[in-house]
Amino acid sequence: MYYYGNRMQKYFIISLIIFSASFPGLLKAQASAEKINWLTFQQAVELAKKNPRKILIDVYTDWCGWCKKMDAETFTHPVIVRYINENFYAVKFNAEQHEDVVFQNHTFRFVNNGGRGYHELAAALLNNQLSYPSMAYLDENLQLLGAIPGFRQAKDLEPILKYIREDVYKKMAYDKFLQTFQGQVR
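Residues numbered from 1 in each chain as written. Predicted model: local features only at pLDDT ≥ 70, side-chain atom pairs only at ≥ 80, totals over all residues. Heavy atoms only, no water.

### Re the nonpolar core
Note the threshold: Only buried Ala, Val, Leu, Ile, Met, Phe, Trp, Tyr and Cys residues count toward a nonpolar core, and they belong to the same one when joined by side-chain atoms within 4.5 Å. The rule is simple: take the accessible area with a 1.4 Å probe, protein chains only, and divide by the maximum for that residue type; under 20% is buried, over 50% is exposed, in between is partly exposed. Labels follow the DSSP assignment, with helices taken as runs of H or I lasting at least four residues and strands as runs of E lasting at least two, numbered in each case from the N terminus. Any two residues whose heavy atoms approach within 4.5 Å at even a single point are treated as in contact.
By size, the foremost hydrophobic cluster in this structure holds 26 residues, and its most contacted members are Phe41, Ile55, Ile57, Val59 and Phe93. Of all the elements in the fold, those that place two or more residues in this core are helix H2 (41-50), strand S2 (54-60), strand S3 (88-94), strand S4 (101-103), helix H5 (120-125) and strand S8 (134-138). With near-sequence residues (within four places) excluded, Ile55 lies in contact with Ala44, Val45, Ala48, Phe88, Tyr89, Val91, Ala136, Tyr137, Leu138 and Leu142. Grouped together as the second largest cluster of nonpolar side chains are 23 residues, Val79, Val81, Phe151 and Tyr163 included.

What follows is the structure in structure tokens.
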């Protein structure tokens, strides 16, 4: 019995050592995962002036549960992260932020609306349809292309990103585009 106990103890210790040795690698792999390079609105505009690129604006609020779900699930998907980082300037814009934003010679401010207010830039980007999360898009000339409200899973966001980035919207309806779209998100 004594021999059996020592043998089991050795197996347990060896297993523990193997697990411990692999655990830091697991943490390192997770920590080095790609992330979206989120910018402020002003940073994205300045970058687009120097090196034109479309701007994707995630309009969110701190209290929005679907916004948090999109951050945790959609904006962490490797295909989405890579595509956004390579093709857009990505902006996280809090629709209730209090800081003024100057854009195209206009100062957008926070509007106090009782218990909760809103930022005028969020209202302008979303055509006064304050729904969260929403994603607004600016073209390379900083002109608003439009906004798409609602939570999107990675598989649903991928075709939208490509439709906008590749200027397909200029020549084809979105539903027609979806008929032939083959994405990488699984």
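Let's pick the thread back up.
### Regarding the pairing of S2
Selection rule: Whether two strands pair depends on DSSP finding at least two bridges between them.
Judged by how many residues are buried, S2 sits mostly within the fold: 7 of 7 residues are covered. Here S2 shows a buried face lined by Lys54, Leu56, Asp58 and Tyr60 and a second buried face lined by Ile55, Ile57 and Val59. As defined by bridge partners, S2 adjoins S3 across 7 bridges and the pair is classed as parallel. Residue Leu56 lies in a different strand from S3, and its bridge partner there is Ala90. With 5 bridges joining them, S2 and S8 adopt antiparallel strand pairing. Counterpart to Leu56 in the pairing with S8 is Tyr137.

### Points about the pattern of salt bridges
This is how the line gets drawn: We define a salt bridge as a side-chain nitrogen of Lys or Arg found within 4 Å of a carboxyl oxygen belonging to Asp or Glu.
Applying the stated rule across the entire model yields 12 salt bridges. A salt bridge links Glu46 to Lys49, with the shortest nitrogen-to-oxygen separation between them at 3.5 Å. Taken together, the residues Glu46 and Lys49, both in helix H2 and 3 residues apart, mark about one turn of the helix. Relative accessible area serves as the criterion here: at 55%, Lys49 is assigned to the exposed category.

The values reported here are purely geometric and, on their own, carry no functional implication.
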